[in-house]
Amino acid sequence: MVLIFIISCMHLKNIMATRNRISTNFLVLIILVLECLGSVFGQNSSGNIRCFERERQALLKLKDEVVDENGRLSSWAVGGNQMECCKWIGVLCDNRTNHVTQLNLRAPPGFNNDGPSVAPLKGKISSSLLELRHLTYLDLSLNDFGYSNIPEFIGYLEKLQYINLSFANFHGSIPPSVGNLSELIYLDFSSNSGLFSENLGWVAHLGSLEYLDLSFVELSKASNIWLHAISNLTSIKELHLANCGLQGILPSSLPSINSSAPLSTLDLSMNPSISSSTFLFFLSFSKSLTSIDFSSNNMTILTPAYAFDNQIFLEHLDLSNNNLEGGIPKFFGNMSSLTHLDLSRNSFMMPLSEIMINFSGSVEKNLKYLDLSDNMITGSLSDFSKFSSLNVLVLGGNKLNGSITKDYPNIPSLIHLDLSSNSFTGELPDLTIYPLLEKLYLNNNMFNGPLRESIGSLSKMEVLVLASNNFEGIVTESHLFNLSRLTILDFSSNPLLAVNCSSDWIPPFQLTAIKLSKCKVGPHFPQWLQYQKNLKFLDISFSQITDTIPSWIGDLTSGPINLNISNNQIHGVFPKIGFFSFNLTGYSRSLVHDSVYGMVLDLSRNKITGQATFLCQSEEWVLIDLSSNLFFGNLPNCFANSTRLRFLNLANNNFYGEIPSSFGSLPLLSLLNLRNNSFSGGIPTSLRSCTGLKMIDLGENWLTGIIPTWIGDELLSLIVLSLRFNEFRGIIPSSICNLQNLQVLDLSFNKISGVIPKCLDNLTAMTDRPGSEQKISDLLGTPALYYTLLDAAYFTWKGKAINYVNNNIFVELIDLSSNALIGDIPSEITKLLGLVSLNLSRNILSGQIPANIGLLKYLDSLDLSRNQLSGGIPASLSELSLLGNLDLSYNNLSGRIPPLSFDESTFAGNPGLCGLPVLNKSCPNDNENTHKSDANFNGDASVTDNLKLDEDELITNGFYICMAFGFVFGVWGIFGVILLNKSARSAYFKLLDSIEDSVYMRGELKKAHLREESPSSLYMINRL
């Protein structure tokens, strides 16, 4: 450039020399000035470096103040060939002026453009950006600025035309200085958690703005100002305000509309407080709308038909997930440009045939996407053949019925068909009428009969979901022979359907998800699975496999994100397998449920053996269930980085050693079940850091020590605490009473002493009636599919194992049995009105049964046996209409038994009790005062004021003296004969020996019987 300038000056000089004869000193002066300017602005004498020194230094300072863990800015350096900042990654200079005009530091997105960036910049934005005075383009999206505020100085980059700070982890208030950017055309601050603006007045100053995205920015405090600010954007073309907490505006407060804006795309979705009048405003604000998303807004009334009269360009309309009721209006049929219509998840209630009539009109020609799912549409399938361009038809989740053999939609252009979750019956028709079909969802219906082999000729098929029907017969490779594009295959929950492909068959497809649960896949492991190298989801649970687990599972090198082979009879050593992490999209994600992001491993209820070292091969675990297998050995202490792990179930195995301390590094851990193993030592103190724990079951191990007080101080979210059948000593810490969410407390079969804490009435979750609690899936934060993690958790009643989960609801119970507790039963326990089971048996409790025990209206099981309780049985027990199990045996109870429908064994071992017909023992004065009501009977033999019984004159002092003499002479009469008569003595001791032998033999036979039936039951007996 300098050379060109010099030549130009020389040419100018020649002209001037001929005219004015200017000295050559003028040319020398110009060259010297250019050299000085070059040194000032960073341009070397050779002309190789374009960027200005001031701007280069600003960029280097920006680099210094961010954290670049992945070396994305490695080209930003000094020295050598790296001095040219215009060639640095993300930097663009103007070809004419050489000033930095664009800075694009957008982080690379995650897998499949979904999820967080894999290499974000961190730290903060340097104020050195102000040195880039010619900057027109700034993109810092998908980075992580650690909840910092958007800097105020952003608003002083006056030449900015494009700014994108989306998904960058900004926090706080949007600086009003952004309103200074009068040349701004594009602004995107979306998807920053915690970002808000209480006044959108700054938006009104952006007169050149064409694109605005503030989605997921909190605008609830902007009142009705937000709409007035938007109405001033006369150049706006795209507006995205999804999930902003926008408030509704009364029609009288709507801003006036002076002229139509060029707005073409409008997204106001997920603002449930917004009003229909706002929707109507935008239909008048712009006549150029091509796309409207007003979904998830609690909209109850559809805008009048006339409002759409001017929307002749509308192509995309999404009104899904509202509360629209009644019928679908006819004006949709006149929308000639409409190609995409989503009315799903509303409450439309009308026959499908009438909907088709209302859709008659110009819309039939161009409509490509129609979603009416999750409404209350009735009737059978209608004729869709007039929709000549339709590619996607979604009718799932309605009340459609009938057979589709005759009435199936004749749409040759169809690519996506969803008839799931209806009541269709009969066999499937020949689907080859849809040669372009890529996705087919027919799950959750009542289809039956065999599958046609012609389904295998649909060469474009990618997703085939036929789950939860009544299909029958055998699926072979003939049904799948030409499905080379297939990625999702789901035949699950068709118990009469067998999947039996040849062992040497090599499939033409590479699946990402396979679901064959509750189909007949066994007895052998399906060999064709070994050729699937892209699996992310594999579920062959409940599939009748009795085979050895194959070693080639370890060759599925992409590693499934979800591996479920549970509830079979698979045996052998679990092989080494490489696990890697993925992100799922679409139906693959729905298989692992919305709340599960990470890896799932479910091997439960098989006969798999080996050590669990493979658990160290991934840090992406969300759920691990190895329960009810034959795994053994020490658990590896390698969970420190498995920070996503939420559910861990290792129950019913042969693990031993101490519980790994690295469990304390699992911040999201919600469920920990280690029951029925041989773990020893104490509960690791590190677990106190797992404050999200909602269930701990460490029962049936060899754990020792005291119950830590920090359980009640730190783990305040606990719902289930089971430490049964261990060797715990000490007292029940009073901090247990802090667990206000607790619904299951099982400390039975330990060596715990002391008294029962009187503060148990602080367990407020047990004060609600049963069934009023949240579902387990909500409480534990897991899909209901996984609440089977709890189905092996139980308490005991008379030696029977009773599940403490019922219909996805926890049974509220307290079991403190088989310990060494002393003192009274605290009356506060009767305030736990939701209790279903209370077991305090086999302790040393004394005192009386609380008189108001009858307040526990929902009690189904009450066991107070084998204590030292005294006094009478409270009459209020007879008010417990739901009581199904009662045991008060072997105490010191006395008095009359209240009206209770239980047999004699319930009260055995209480010689002071009386009452017909339960006991073959009448109470004194049963023949007198029969006219008196029993309503005031309190069951306490020591309290007689209410009965006012007359004194029995036969019971005198002489009566007691005679009874004493009779007892002494009777006893010594028998024992005197045994002592003095050798033959009598010999016969007596032979009788004792025979009784002892009989009891011993019965005990050994019972143990042998239990050994054959259940080794775990024998384990419990030996522990006793």
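Residues numbered from 1 in each chain as written. Predicted model: local features only at pLDDT ≥ 70, side-chain atom pairs only at ≥ 80, totals over all residues. Heavy atoms only, no water.

1. Some thoughts on the pattern of salt bridges
At step 1: The final tally for this structure, using the stated rule, is 15 salt bridges.
At step 2: Glutamate 700 is the salt-bridge partner of arginine 724, the closest N and O atoms lying 2.9 Å from each other. You can see arginine 724 sitting in the loop between strand S45 (720-722) and strand S46 (727-729) and its partner glutamate 700 sitting in the loop between strand S43 (695-697) and strand S44 (702-706), a full 24 residues away along the chain.
At step 3: The class for arginine 724 is buried, based on a relative accessible area of 1%.
At step 4: Among the ionic pairs, aspartate 761 bridges to lysine 831, the shortest N-O distance being 3.7 Å. Taken together, the residues aspartate 761 in the loop between strand S48 (753-755) and helix H11 (776-779) and lysine 831 in the loop between strand S54 (820-823) and strand S55 (837-839) connect sequence positions 70 residues apart.
At step 5: Aspartate 761 sits in the partly exposed class, given a relative accessible area of 22%. (Salt bridge = Lys/Arg side-chain N within 4 Å of Asp/Glu carboxyl O. Helix = DSSP H or I, 4+ residues; strand = E, 2+ residues; numbered from the N terminus. Buried < 20%, exposed > 50% of the residue type's maximum accessible area, 1.4 Å probe, protein only.)

2. As for the sheet that holds strand S60 (residues 892-896)
At step 1: Pairing within the open sheet is parallel, and its six strands lie in the order S48-S54-S56-S58-S60-S61. Of all the strands in the sheet, the pair left with one neighbour each is S48 and strand S61 (912-914). On average, adjacent strands in this sheet sit at an angle of 25° to one another, irrespective of strand direction.
At step 2: Pairing analysis gives three bridges linking S60 to S61, with the strands arranged parallel. Bridge pairing links glycine 895 to leucine 913 in S61. (Pairing = 2+ DSSP bridges. Axes fitted to C-alpha atoms, helices over the stretch in contact; angles between N-to-C directions.)

3. Examining the environment of leucine 716
At step 1: Here leucine 716 shows up in the loop between helix H10 (710-714) and S45.
At step 2: Leucine 716 sits 24 residues away from glycine 692 along the chain, and the two C-alpha atoms are 8.1 Å apart.
At step 3: Setting aside residues up to four positions removed in sequence, leucine 716 forms contacts with Asn738, Leu739 and Asn741. (Contact = heavy atoms within 4.5 Å.)

4. Here we look at unusual backbone geometry
At step 1: For the bond running from glycine 522 to proline 523, omega is 10°, close enough to zero to count as cis.
At step 2: Locating proline 523 in the fold gives a position in the loop between strand S31 (513-515) and strand S32 (537-539).
At step 3: Residue leucine 916 is joined to proline 917 through a cis peptide bond whose omega torsion reads 0°.
At step 4: Examined against the element boundaries, proline 917 turns out to sit in the loop between S61 and helix H12 (957-980).
At step 5: For serine 468, which is not a glycine, the phi torsion comes out positive at approximately 55°.
At step 6: Note on serine 468: relative accessible area 25%, which makes it partly exposed.
At step 7: In the Ramachandran plot, arginine 605 falls in the positive-phi region, its phi being about 60° despite a non-glycine side chain.
At step 8: Looking at the secondary structure, you find arginine 605 in the loop between strand S35 (599-602) and strand S36 (607-610).

5. What to know about the sheet that holds strand S25 (residues 446-449)
At step 1: As summarised here, the arrangement of the five strands in space is S19-S21-S23-S25-S27, forming an open sheet in which the pairing is parallel. Here the strands that pair on one side only, and so sit at the sheet edges, are strand S19 (378-379) and strand S27 (470-471).
At step 2: Two elements, S19 and strand S21 (residues 399-403), share two bridges in a ladder whose sense is parallel. Residue pairing for S21: threonine 378 is matched across the bridge by lysine 399.

6. Here's the deal with the state of the cysteines
By definition, a disulfide is the covalent link that joins the sulfur atoms of two cysteine residues.
At step 1: Overall, the coordinates contain five disulfides when judged by the stated rule.
At step 2: Paired through a disulfide, cysteine 616 and cysteine 638 show a sulfur-sulfur distance of 2.0 Å. Taking the torsion about the sulfur-sulfur bond, which here is approximately -85°, the covalent link between cysteine 616 and cysteine 638 counts as left-handed. Of the two residues, cysteine 616 is situated in the loop between S36 and strand S37 (621-625) and cysteine 638 in the loop between strand S38 (630-634) and strand S39 (647-649); the sequence distance between them amounts to 22 residues.
At step 3: Cysteine 616 sits in the partly exposed class, given a relative accessible area of 34%.
At step 4: If the cysteines joined by disulfides in the protein are listed in sequence order, their pairing comes out as 1-2, 3-4, 5-6, 7-8, 9-10. (Disulfide = S-S within 2.5 Å.)

7. Quick word on the nonpolar core
At step 1: Counting residues in each nonpolar core, the largest one holds 242 residues, and the members touching the most others are Leu103, Leu187, Leu214, Trp226, Phe282, Phe332 and Phe491.
At step 2: Examining the composition of this core, we find that five residues originate from one element, helix H5 (residues 276-285), more than from any other.
At step 3: With residues up to four places along the chain from it excluded, the contact list for tryptophan 226 reads Leu200, Leu241, Leu246, Gln247, Ile249, Ile274, Thr278 and Phe282.
At step 4: Leu623, Ile719, Val744 and Val811 belong to the second largest nonpolar core, which has eleven residues in total. (Core = buried A, V, L, I, M, F, W, Y, C linked by side-chain atoms within 4.5 Å.)

8. What about the pairing of strand S58 (residues 868-871)?
At step 1: Of the two faces of S58, the one lined by Leu869 and Gly871 is fully buried and the one lined by Gln868 and Ser870 carries no buried residue.
At step 2: Two elements, strand S56 (residues 844-848) and S58, share three bridges in a ladder whose sense is parallel. Opposite glycine 847, over in S58, you have leucine 869 as the bridge partner.
At step 3: Here S58 pairs with S60 via two bridges, running parallel. Bridge pairing in S60 places glycine 871 opposite leucine 893.

9. Notes on the environment of aspartate 697
At step 1: Locating aspartate 697 in the fold gives a position in strand S43.
At step 2: Taking relative accessible area as the criterion, aspartate 697 reaches 1% and is therefore assigned buried.
At step 3: The spatial distance from the C-alpha of aspartate 697 to the C-alpha of asparagine 676 is 9.5 Å, given a sequence separation of 21 residues.

10. Quick notes on H5
At step 1: Of all the ten residues making up H5, seven are buried; the element is thus mostly covered by neighbouring parts of the structure.
At step 2: Turning to H5, its buried residues number three or more, namely Ser277, Thr278, Phe279, Phe281, Phe282, Leu283 and Phe285.
At step 3: Lining the buried residues of H5 we find helix H4 (225-231), strand S11 (238-240), strand S12 (265-267) and strand S13 (291-293).

11. A word on a nonpolar patch on the surface
At step 1: On the surface, a nonpolar cluster with roughly 240 Å² of combined accessible area is contributed by Val755, Ile822 and Ile844.
At step 2: Inspection of the secondary structure puts isoleucine 822 in strand S54. (Patch = residues over 30% accessible without salt bridge, like charges linked within 9 Å, V, L, I, M, F, W, Y side chains within 5 Å. Areas by Shrake-Rupley, 256 points an atom, 1.4 Å probe, with all protein chains shown as cover.)

12. Quick look at the confidence of the model for the protein
At step 1: Summary statistics for the protein give a mean pLDDT of 83 and a share of 78% for residues scoring 70 or more.
At step 2: Confidence drops under a pLDDT of 50 for residues 581-585, and excluding neighbours within four residues, the segment shows 18 contacts in the predicted structure.
At step 3: Considering only residues more than four positions removed or in separate chains, one finds that residues 1008-1024, a stretch of pLDDT under 50, has 22 contacts. (pLDDT = per-residue confidence, 0-100.)

13. Digging into the packing of aromatic side chains
At step 1: Enumeration over the complete set of coordinates arrives at 26 aromatic pairs.
At step 2: Seen from their ring centres, phenylalanine 279 and phenylalanine 308 are 6.2 Å apart, and the 65° between their planes marks the pair as edge-to-face. Of this pair, phenylalanine 279 sits in helix H5 while phenylalanine 308 sits in the loop between S13 and strand S14 (316-318), and the two are 29 residues apart along the sequence. Of the two residues, phenylalanine 279 and phenylalanine 308, neither departs from the other in class, the shared state being buried.
At step 3: Residues phenylalanine 614 and phenylalanine 631 carry aromatic rings whose centres are separated by 6.0 Å and whose planes lie at 55° to one another, so their mutual orientation is tilted. Here the residue phenylalanine 614 occupies a position in the loop between S36 and S37, and phenylalanine 631 occupies one in strand S38, the gap between them amounting to 17 residues.
At step 4: Relative accessible area serves as the criterion here: at 3%, phenylalanine 614 is assigned to the buried category.
At step 5: The buried category is assigned to phenylalanine 631, whose relative accessible area is 0%.
At step 6: Put simply, the rings of Phe279, Phe294, Phe308, Phe331, Phe332 and Phe359 touch in pairs and so form one group of aromatic residues. (Phe/Tyr/Trp six-rings, centres within 6.5 Å; stacked < 30°, edge-to-face > 60°.)

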